[in-house]
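Structural overview
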Amino acid sequence: MNRITRYICSSVYDNYSLREKIIDIIEDDYRIIADSYGIEIGEVIKHCYNAKRRDNRYYYLIFIILLLMLIGILFSLEVLIPLGLLLILFFSIVHSYQFEKNILRKYFLNNSHSSHISTPSSSKIATLINKKNNQISQNLVYYSFFSPFVGAGIELEGWSFAIDIDKGKEGSMMPPETFHEHELYTAVANEIKSLKFQNLQILDKLYINGSSIRNNRKLLPNIMGHPLNKITSSEINVFKGIYNKNARYYQLFQISDWEDELVLNIFLRFFKNEKNLFIELNYYLLTPTEKSYTKVDRISEKLFSRDYFKILFKSLFKVFVDSIRSILLIFNKIDELQYRVFHSGRDKKAYELRKQVKTNPEFNYGAEMSIRELISSKLYYQLFQKLDKEMYHKIIEKRILNTINDFLEKKNIELKEFKERQTNILNHGVIVTGGNLNTQNLAIGKKAKNITSTFQFKKLKTQTNN
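These remarks concern the structure in this document. Every value quoted in this text rests on a predicted model; they were computed, and no experiment measured them. (Residues numbered from 1 in each chain as written. Predicted model: local features only at pLDDT ≥ 70, side-chain atom pairs only at ≥ 80, totals over all residues. Heavy atoms only, no water.)

1. Topic: the state of the cysteines
Under the defined criterion, the tally for this structure stands at 0 disulfides. Cys9 carries a free sulfur, and the closest cysteine sulfur to it, the one in Cys48, is 7.1 Å from it. (Disulfide = S-S within 2.5 Å.)

2. A closer look at the sheet that holds strand S6 (residues 276–286)
In spatial order, the strands read S1-S3-S4-S5-S6-S2; together these 6 strands make up an open sheet with mixed pairing. Lying at the two open borders of the sheet, with one neighbouring strand each, are strand S1 (140–143) and strand S2 (154–164). Along the sheet, successive strands turn relative to each other by an average axial angle of 25 degrees, direction set aside. Where S2 meets S6, 9 bridges bridge the pair, whose relative direction is antiparallel. Among the inter-strand pairings, Phe161 is bridged to a residue of S6, identified as Ile279. (Pairing = 2+ DSSP bridges. Helix = DSSP H or I, 4+ residues; strand = E, 2+ residues; numbered from the N terminus. Axes fitted to C-alpha atoms, helices over the stretch in contact; angles between N-to-C directions.)

3. Topic: the packing of aromatic side chains
The final tally for this structure, using the stated rule, is 22 aromatic pairs. Ring centres 5.5 Å apart and planes at 15 degrees place the aromatic pair Trp159 and Phe161 in the stacked group. Assigned by exposure class, Trp159 and Phe161 land together as buried. The structure contains a cluster of three or more aromatic residues connected by ring pairs, namely Phe149, Tyr207, Tyr250, Phe267 and Tyr284. Lying across the ring of Tyr16, Arg325 places its NZ or CZ 4.4 Å from the centre. (Phe/Tyr/Trp six-rings, centres within 6.5 Å; stacked < 30°, edge-to-face > 60°. Buried < 20%, exposed > 50% of the residue type's maximum accessible area, 1.4 Å probe, protein only. Lys NZ or Arg CZ within 6 Å of the ring centre and 35° of its normal.)

4. A look at helix H11 (residues 383–410)
With 28 residues, H11 should reach 40 Å at 1.5 Å per residue; the first-to-last C-alpha distance of 41 Å fits that figure. Looking one or two residues past H11, Asn412 carries a phi angle of roughly 60 degrees, positive in sign. (Expected span 1.5 Å × (residues − 1).)

5. As for a nonpolar patch on the surface
Among the surface-exposed residues, Ile64, Leu67, Leu68, Leu70, Ile71, Ile73, Leu74, Phe75 and Leu77 lie close enough to one another that they form a single nonpolar patch of about 870 Å² accessible area. By the secondary structure assignment, Leu77 is in the loop between helix H3 (41–74) and helix H4 (80–107). (Patch = residues over 30% accessible without salt bridge, like charges linked within 9 Å, V, L, I, M, F, W, Y side chains within 5 Å. Areas by Shrake-Rupley, 256 points an atom, 1.4 Å probe, with all protein chains shown as cover. Salt bridge = Lys/Arg side-chain N within 4 Å of Asp/Glu carboxyl O.)

6. Quick notes on the pairing of S6
Of all 11 residues in S6, 9 are buried, a share of seventy percent or more. Pairing between strand S5 (residues 262–272) and S6: 10 bridges, direction antiparallel. Paired with Leu264 across the bridge in S6 is Leu285. The antiparallel pairing of S5 with S6 creates a hairpin that spans 3 residues between the two strands.

7. Observations concerning the side chain of Arg54
One can find Arg54 in helix H3. Residue class for Arg54 comes out buried when judged on its relative accessible area of 9%. Leave out the neighbours within four places in its chain, and Arg54 touches Tyr13, His95, Gln98, Phe99 and Ile103. (Contact = heavy atoms within 4.5 Å.)

8. Considering H4
In this model, H4 (28 residues) spans 38 Å end to end at C-alpha, consistent with the 40 Å of a helix rising 1.5 Å per residue. Taking the largest bend as the criterion, H4 deviates by roughly 30 degrees, centred on Phe99. (Bend = angle between axes of the 7 residues up to and from the residue.)

9. Topic: the packing of helix H6 (residues 181–193) against H11
At a minimum axis separation of 9 Å, H6 and H11 run at an interaxial angle of 135 degrees. Classed by the angle they form, the pair H6 and H11 counts as oblique. Note that H6 runs across H11; the crossing there is right-handed. Residues Glu183, Leu184, Ala187, Val188, Glu191 and Ile192 of H6 form the contact with H11, whose own contacting residues are Ile396, Arg399, Ile400, Thr403, Ile404 and Phe407. The residue makeup of the contact of H6 with H11, split by class, is 8 nonpolar, 1 polar and 3 charged. (Parallel < 35°, antiparallel > 145°, perpendicular 65-115°, else oblique. Left-handed = near helix turned anticlockwise from the far one by under 90°. Nonpolar A, V, L, I, M, F, W, Y, C, P; charged D, E, K, R; others polar.)

10. With respect to unusual backbone geometry
In this structure, Lys196 takes a positive phi of about 60 degrees despite not being glycine. Here Lys196 lies in the loop between H6 and strand S3 (200–209). Unusually for a residue other than glycine, Asp260 sits at a positive phi of about 70 degrees. Among the secondary structure elements, Asp260 is positioned in the loop between strand S4 (247–257) and S5.

11. A word on the pattern of salt bridges
Evaluated as defined, the whole model comprises 26 salt bridges. The residue Glu259 makes a salt bridge to Arg3 at a minimum N-O spacing of 2.8 Å. With Glu259 in the loop between S4 and S5 and Arg3 in helix H1 (residues 3–11), the pair connects residues that are 256 residues apart, well separated along the chain. Between Lys318 and Asp322 there is a salt bridge, with the nearest N and O atoms lying 3.7 Å from each other.

Put into structure tokens, the structure is as follows:
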């Protein structure tokens, strides 16, 4: 089990909100599952359902105690009330202790290599894992919201510009040579591969609006089914040189570092017509895991006296919260049971979603968020993380621009305009199309004053460990 997966699996046992969000993603049979870099989906599924089963048994027990307390109130058996409270506190302590001792420390410490925990209906879980592995987006990515790059993390700076390609070199009698976009993609890919970054992947991705595929039987064979998650390389190559408002090809350079805590995604796109070449580069970053999910790395192998006190105080707080949650769970189960009785045994959540898919012509089959993004902190925890991101960013950007320059020069294309744009990007950072910047001010030109951006950029902060 890798590091990011270990963080998620250890967190779903005591983070109800995270677990339910992940289960909602898993149990959606219609939307694509966004690729979550560095996460073993099978392990996540196994531990989510094991944690849910464990909590449900605990809440059922708490509800029975609450019923006994209610009987005490109704029949003036006052002794049942304090006894019930003590029992709830006792089982809350046992529940927390078992998590700390028999789950967290036994299976998820950094030096532990075992994640084998008995799971409910193992064959059912195995079937679910296999099914969901086949539903994770590969070279087809369907998106739901504004940004198509779902699962890629926080939007950083990006740039785009167009240059003339119908003008030959100044002083040359030869006209510019024609070329196809895929030639440029190949040249750039070969150049980036030559960097020999061990943690680099170069991927072909086609980003598709999830609400536009309902009548496309190639991508969606059945409107009540799941969209296709992969097409052949030859099929995806068709999109490298065409304009389509609902489907765009991007060449993705993905670099992971810091044990997958940092994943830099660089999206490159070319579009050419007879006179112009449009170049677009977008940067997205998956940031380190939120500290609340990395608790397992900050605990000792053995429980000490301070740990027992923490369990006690945590349990005192949980008595009220868990009592309310147990009541809500039972009411929810009763509601589900009634629904099954009156709807031929159908699961309520699945049936309501199915009804939405069936009746809504604009139902969006795209992913809304990846599991990896759920646990991202949107912070750097060390300066070196920020500097390493900048290093990868600047090296790859420079190599891309140099490759484009060399490629176009061989095609006898006048490059004065391109070189001016290249200088602006590398030295001044003027051509910025949007995103989340690391600085609050943007300076334009050597003598220009810093001006506060009128856009509401979210600053990606740097936090140092004490």
